[in-house]
Amino acid sequence: MVTGLINENPIIYPKKERRLRTDSSTTDEFTPEPIDQLEIFDHIRDIKDPEHPNTLEDLRVVTEDSVEVDDENSYVRVTFTPTVEHCSMATVIGLCVRVKLLRSLPSRYKIDIRVAPGSHATEDALNKQLNDKERVAAALENPNLVEMVDECLPSEE
């Protein structure tokens, strides 16, 4: 965890009840299953905040409504809201969300990570950084940053 917290007392929100997925399809094992908003949210809701022992869902950094999915065109957008407008961990949070989805989704998906409009002092720069393939690749070559991201990601069950 980081010392010198930016937001020492974040608001902790109640978690949404987890809904069980029901599969009414009768497809075979070779048919791709559609991916929806709830599935994406389930992948990212338990990511830990880099500064606090709480999840991104606890802090309402991500919500089910902040996820957009166009399964037909293999496109996912997650818009997250940092707890403070000058959050220095916003890039790490966005990187955690991207890495979790890259590890969880089929490679055909384009993943777009955005900071919510008006929620961060450097919104445009953050959005550019989080969606630039070369910058993301360079960040993931930094062992210290990769360790920080891995600490935030929930362990696979």
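Please read these numbers as outputs of a predicted model, since none were measured by experiment.

Draft legend 1. Representation of the environment of Val 84 in the model. Following the sequence through the fold, Val 84 ends up in the loop between strand E2 (75-80) and helix H2 (90-104). Judged by its relative accessible area of 18%, Val 84 falls in the buried class. Note: C-alpha distance between Val 84 and Ala 121 (37 residues apart in sequence) is 9.2 Å.

Draft legend 2. Highlighting unusual backbone geometry. Despite not being glycine, Arg 60 shows a phi value in the positive range, around 55°. Mapping Arg 60 onto the fold places it in the loop between helix H1 (37-44) and strand E1 (67-70). Although it is not a glycine, Ser 74 sits at a positive phi angle of roughly 55°. For Ser 74, the position within the fold is in the loop between E1 and E2. The class of Ser 74 is buried, set by a relative accessible area of 11%.

Draft legend 3. Quick look at the nonpolar core. If you look at the biggest cluster of nonpolar residues, it comprises 36 residues, and the most contacted ones within it are Val 78, Phe 80 and Leu 101. Taken together, the elements giving at least two residues each to this core come down to H1, E2, H2, strand E3 (110-115), helix H3 (123-130), helix H4 (133-139) and helix H5 (143-152). Here this core takes eight residues from H2, the largest share from any one element. Beyond its immediate sequence surroundings of up to four residues, Phe 80 is in contact with Val 61, Val 62, Ala 90, Ile 93, Gly 94, Ile 113, Arg 114, Val 115, Ala 116, Ser 119 and Leu 130.

Draft legend 4. Molecular detail of the layout of surface pockets. Put simply, the second largest pocket is a space of about 240 Å³. Arg 98, Leu 102, Tyr 109, Lys 110, Ile 111, Asn 131, Asp 132, Lys 133, Val 136 and Ala 137 together form the lining of the second largest pocket. The set of elements that each furnish at least two residues to the lining of the second largest pocket consists of H2, E3 and H4. A per-element tally of the lining of the second largest pocket places H4 first, with three residues. Here the residues of the lining of the second largest pocket sort into five nonpolar, one polar and four charged.

Draft legend 5. Spotlight on empty space enclosed by the protein. Summed over the entire model, instances satisfying the criterion amount to one cavity of 30 Å³ or more. In this structure, the largest cavity occupies an estimated 50 Å³ of space. Asp 49, Glu 51, His 52, Val 61, Pro 82, Thr 83, Cys 87, Met 89 and Ile 93 together form the lining of the largest cavity. Split into classes, the residues belonging to the lining of the largest cavity amount to five nonpolar, two polar and two charged.

Draft legend 6. Structural detail: the packing of H1 against H2. Remark: H1 packs on H2, axes separated minimally by 9 Å, with the N-to-C direction vectors making an angle of 120°. Here H1 lies oblique to H2, going by the angle between them. Crossing of H1 against H2: the hand is right-handed. On H2, the residues touching Ile 40, His 43 and Ile 44 of H1 are Val 97, Lys 100, Leu 101 and Ser 104. The class makeup of the residues in the contact of H1 with H2 is four nonpolar, two polar and one charged.

Draft legend 7. Geometry of the side chain of Thr 55. Structurally, Thr 55 can be placed in the loop between H1 and E1. Within polar-contact distance, the side chain of Thr 55 engages the backbone nitrogen of Asp 58 at 3.0 Å. Residues within four places of Thr 55 in sequence aside, it is in contact with Lys 15, Arg 45, Asp 46, Ile 47, Lys 48 and Asp 49.

Here is what the cut-offs are and how they apply
Residues numbered from 1 in each chain as written. Predicted model: local features only at pLDDT ≥ 70, side-chain atom pairs only at ≥ 80, totals over all residues. Heavy atoms only, no water. Helix = DSSP H or I, 4+ residues; strand = E, 2+ residues; numbered from the N terminus. Buried < 20%, exposed > 50% of the residue type's maximum accessible area, 1.4 Å probe, protein only. Core = buried A, V, L, I, M, F, W, Y, C linked by side-chain atoms within 4.5 Å. Contact = heavy atoms within 4.5 Å. 1 Å grid on protein atoms, 1.4 Å probe; cavity = no way out; pocket = protein on both sides within 12 Å on 5 of 7 lines; lining within 4 Å. Points joined across faces, edges and corners; volume = space filled by probe spheres on them. Nonpolar A, V, L, I, M, F, W, Y, C, P; charged D, E, K, R; others polar. Axes fitted to C-alpha atoms, helices over the stretch in contact; angles between N-to-C directions. Parallel < 35°, antiparallel > 145°, perpendicular 65-115°, else oblique. Left-handed = near helix turned anticlockwise from the far one by under 90°. Polar contact = N/O pair within 3.5 Å; in protein donor to acceptor, adjacent residues only side chain to side chain.

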